[in-house]
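Overview (structure and organization)
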Amino acid sequence: MNEQNILEIKDLSVIYKTDLETVKAVNGINIAIKKKSTFGLVGETGAGKTTTARSIIRLLPKVGHVTGGSIEFEGQNLLDLPEDEMRTYRGNKIAMVFQDPMTSLNPVMSVGDQIAETIKIHNPHLSKEDVEKRVEDTLAMVGILPSRKIDYPHQFSGGMKQRVIIAIALACEPDLLIADEPTTALDVTIQAQVLMMIKDLRDRLGTSMLMITHDLGIVAKICDDVGVMYAGEIVESGTVQDIFEGKNHHPYTEGLFGSIPDLKATAKRPQAIPGLMPDPTNLPEGCVFVERCKYAMDICRKEHPQLSVSGTHKLCCHLFDENGNRKEANHG
Amino acid sequence: MSNTVTTAVPAAQEPMKFKKPSQVKEIWRRFRKNKGSMVGLILLAFIVLVLIFADFIVPYEDGIVQNLALKNQAPSAEHWFGLDSYGRDLFSRVIHGGRTSLGVAVLATISSCIVGSALGAIAGYFGGKVDMIIMRGLDIFMSVPDILFTMAVVVAMGTTFANLIFALTLAYFTNYVRLVRSQILSLSEVEYVEAARAGGSGSARIIISHILPNAMGVIIINTTLNVAKIILYESTLGFLGLGMPPPAPEWGLIISEAREFMRTAPHILLFPALAIVLTACSVNLVGDGLRDAMDPHLKS
């Protein structure tokens with residue numbers, strides 16, 4: 001494992017298995033998150049982003065199984081850890097912020113108690129006063145009056161609830177914060193506030209972060225590296241510059257950018273990517289994007305594309321050779 | 001144009017202070033609004049106080065000592081509820097009998113609630129084989145009619161206060177297993193339980209501090225409603241002669257004894273029946289009010 005990385009996911013595959021079918025949710029993905037940096041995982045609903053996040057903290061639903069690969073966190077493969085040791089990582093070294101602030105807080109517990117719970121679990125030696133002190137500090141950190149620790153979740157607005165959830169996640173100053181679409185459920189003005197707060201706290205605490213989102217604007221604002229996920233695969237990854245600039249992109253990434261409304265262009269509709277994601281119970285043999293790709297070639301249906309690497313920029317498409325250069329001949 | 005609006009400027013704003021809106025206070029505030037439930041509560045409080053201080057109101061011996069010369073005497077100033085077929089003071093019998101009846105009912109409810117909730121929590125949370133074993137065991141319990149089952153237990157083990165509670169617990173814990181299990185099944189999927197797990201909470205902590213408090217409303221309501229049912233059920237046992245051994249008074253037993261004299265001395269039947277109805281009614285009213293007061297969706 002590279003010393004500079006806090007988390008390395010290698011060749012991770014996850015399936016959801018029921019009596020009737022096997023859903024291939026994640027298929028051999030590789031992610032490396034550098035210390036104190038933020039990795040953005042983008043992709044549409046059902047691409048396997050949340051499944052990836054849940055595999056990291058090992059909280060997959062009962063039907064979910066990791067079928068291969070490793071998840072190394074600070075040199076330790078999390079998939080090898082026994083459950084009780086894994087528990088000492090959750091909330092303490094790796095924390096997670098869930099998507100919906102309305103349902104992620106226990107309605108019958110005061111927010112202070114909920115923050116205190118995580119602190120107490122991971123710091124059993126702390127006295128009551130110390131825990132309370134830390135609860136107040138944590139609340140102040142996310143911009144909520146410490147005196148409100150005695151209030152219940154229903155007395156907070158959506159944005160405030162999400163702040164509380166972030167406070168819970170950061171209460172033990174984790175090394176890695178997984179944020180699963182933390183602003184999706186909030187309205188736009190609050191989104192910006194919460195996002196800036198996350199960014200600010202990340203910089204202040206030196207937390208590494210895995211930011212899951214389908215909003216490319218968020219990625220541009222706070223991520224250092226990006227992975228574009230599609231049907232359980234990372235089809236393109238690199239630094240923010242690699243993805244947002246340059247000419248060579250995976251057709252899916254192009255499609256994603258094409259579907260953002262452009263303020264400068266006149267009277268141009270955002271271009272949606274036609275079609276739907278392939279059925280994860282029955283993935284195509286070749287490239288997973290072939291059915292929706294406007295550049296689709298014969299080879300795309302038959303063979304899974306190889307990884308093309310140029311510097312930090314990686315993509316997985318038959319249009320490019322292994323060095324990331326566009327293959328001229330096949331164009332069309 | 002001078003439409004200047006003068007707004008009252010709050011003088012020197014004090015720093016806002018937040019008081020803890022205690023759950024109990026909130027529930028009480030909402031409970032108080034329900035008139036029917038308040039009547040039930042007052043009635044129940046009265047009944048409970050009378051039962052607690054029964055010895056100061058009328059001596060137990062009055063209900064035991066027979067005076068056949070005065071049998072079936074109608075209510076009078078001296079004997080408020082009259083005398084029964086053995087010439088025993090009915091007022092004393094009803095009040096002291098209530099101690100047994102209500103005592104058994106409350107204790108049986110609590111014990112069936114604890115046993116049932118624990119089993120239901122285990123079955124629901126762990127699922128799989130554990131769930132299967134508990135639920136199939138439960139099916140066996142439920143396949144025998146309640147009354148037959150309790151009778152069998154009481155007959156086999158003898159009619160003592162403890163055995164009555166044991167028998168009633170066995171008959172009633174099944175309700176709680178199913179109730180709590182279903183609550184847990186739905187609650188263990190909710191996001192805040194998921195979030196608690198992501199924060200490093202273990203199974204025991206999640207059940208105790210996240211799932212049970214959220215299921216508490218339903219459990220408490222079911223419990224109050226069950227008290228009423230068990231009072232009636234216990235009276236049924238007494239009526240069948242499987243309650244506390246005579247001459248110890250008990251509502252069901254008094255009614256059963258009064259049966260023969262229904263036409264000639266209806267008061268013997270009337271008073272214990274009234275006691276059962278009032279108690280069951282008041283407990284039901286309180287349970288109803290609690291259900292409304294504890295439902296977070298009705299918060300106002």
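Look up: the structure comes first, before these words.
Reading the values: rules and limits
Residues numbered from 1 in each chain as written. Chains lettered and ligands numbered in written order. Predicted model: local features only at pLDDT ≥ 70, side-chain atom pairs only at ≥ 80, totals over all residues. Heavy atoms only, no water. Helix = DSSP H or I, 4+ residues; strand = E, 2+ residues; numbered from the N terminus. Contact = heavy atoms within 4.5 Å. Core = buried A, V, L, I, M, F, W, Y, C linked by side-chain atoms within 4.5 Å. Buried < 20%, exposed > 50% of the residue type's maximum accessible area, 1.4 Å probe, protein only. Salt bridge = Lys/Arg side-chain N within 4 Å of Asp/Glu carboxyl O. Polar contact = N/O pair within 3.5 Å; in protein donor to acceptor, adjacent residues only side chain to side chain. Nonpolar A, V, L, I, M, F, W, Y, C, P; charged D, E, K, R; others polar. 1 Å grid on protein atoms, 1.4 Å probe; cavity = no way out; pocket = protein on both sides within 12 Å on 5 of 7 lines; lining within 4 Å. Points joined across faces, edges and corners; volume = space filled by probe spheres on them. Pairing = 2+ DSSP bridges. Axes fitted to C-alpha atoms, helices over the stretch in contact; angles between N-to-C directions.

Quick notes on the environment of Asn222(B)
Residue and element names in this part refer to chain B. With respect to the element layout, Asn222 can be found in helix 9 (residues 203–239). The spatial distance from the C-alpha of Asn222 to the C-alpha of Ile254 is 28 Å, given a sequence separation of 32 residues. Ignoring any residue separated from it by four or fewer positions in sequence, one finds Asn222 in contact with Asn175, Tyr176 and Leu179.

Describing the nonpolar core
Counting 96 residues, the largest nonpolar core has Leu7(A), Ile56(A), Leu78(A), Ile166(A) and Ile178(A) as its most contacted members. Per element, the largest residue contribution to this core is seven residues, and it comes from helix 5 (residues 158–170) of chain A. With residues near it in sequence (within four places) discarded, Leu78(A) still touches Ile56(A), Arg58(A), Ile71(A), Phe73(A), Met86(A), Tyr89(A) and Ile94(A). In terms of nonpolar packing, the next biggest core, distinct from the first, is built from 59 residues, Leu90(B), Phe91(B), Val227(B) and Leu242(B) among them.

What about the interface of chain B and chain A?
Each partner contributes to the interface: chain B provides 23 residues, whereas chain A provides 30 residues. Joining chain B to chain A, the criterion identifies two salt bridges. For Glu117(A), the salt bridge goes to Arg205(B), with nearest N and O atoms at 3.7 Å. Taken together, chain B and chain A are joined by 10 residue pairs in polar contact (both at pLDDT 80 or more). For the side of chain B that touches chain A, the secondary-structure elements that each account for two or more residues are helix 4 (90–126), helix 8 (191–198) and helix 9 of chain B. Of the residues forming the side of chain B that touches chain A, the biggest block, six residues, is contributed by helix 8 of chain B. Its residues placed into classes, the side of chain B that touches chain A shows eight nonpolar, eight polar and seven charged.

Let's talk about empty space enclosed by the protein
Tallied over the full model, the rule gives two cavities of 30 Å³ or more. Put simply, the largest cavity is a space of about 230 Å³. Around the largest cavity sit 21 residues that line it, and Thr118(A), Ile168(A), Ala195(B), Ala196(B) and Gly199(B) are the ones nearest its centre. Residue assignment for the lining of the largest cavity shows that the elements contributing at least two residues are strand 6 (94–97), helix 3 (111–122) and helix 5 of chain A together with helix 8 of chain B. Looking at the lining of the largest cavity residue by residue, the classes come out as 12 nonpolar, eight polar and one charged. Taken as a whole, the second largest cavity encloses approximately 70 Å³ of empty space.

A look at the sheet that holds strand 10 (residues 233–239) of chain A
All names here are of chain A. Pairing within the open sheet is mixed, and its eight strands lie in the order 6-7-8-3-9-10-12-11. Single-partner strands in this sheet number two, and they are strand 6 and strand 11 (307–310). Taking the axes of each pair of neighbouring strands and ignoring which way they run, one obtains an average angle of 15° across the sheet.

Comments concerning the pattern of salt bridges
By the definition in use, this model includes 24 salt bridges over all chains. With a closest N to O distance of 3.1 Å, Glu83(A) and Arg90(A) form a salt bridge. Take Glu83(A): its relative accessible area is 38%, and that puts it in the partly exposed class. Residue Arg90(A) is classed as buried on the basis of its relative accessible area, which comes to 1%. The structure contains a network of salt bridges with shared partners spanning Asp84(B), Arg88(B), Arg93(B) and Glu257(B).

What to know about the pairing of strand 11 of chain A
Sheet topology places strand 11 of chain A next to strand 12 (residues 313–316) of chain A; four bridges connect them, and they run antiparallel. Residue pairing across strands places Ser310(A) opposite His313(A), the latter belonging to strand 12 of chain A.

Observations concerning the sheet that holds strand 5 (residues 76–77) of chain A
Residue and element names in this part refer to chain A. Ordered by their spatial adjacency, four strands build an open sheet running 2-1-4-5, and the pairing between neighbours is antiparallel. Whereas interior strands pair on both sides, the edge strands pair on one side only; in this sheet they are strand 2 (22–34) and strand 5. With eight bridges joining them, strand 1 (residues 5–17) and strand 4 (residues 64–73) adopt antiparallel strand pairing. Note that in strand 4 the partner of Leu7 across the bridge is Phe73. The strands touched by helix 1 (residues 49–56) are strand 1, strand 2 and strand 4; relative to strand 1, the strand with the most contacts, the crossing angle is about 115°.

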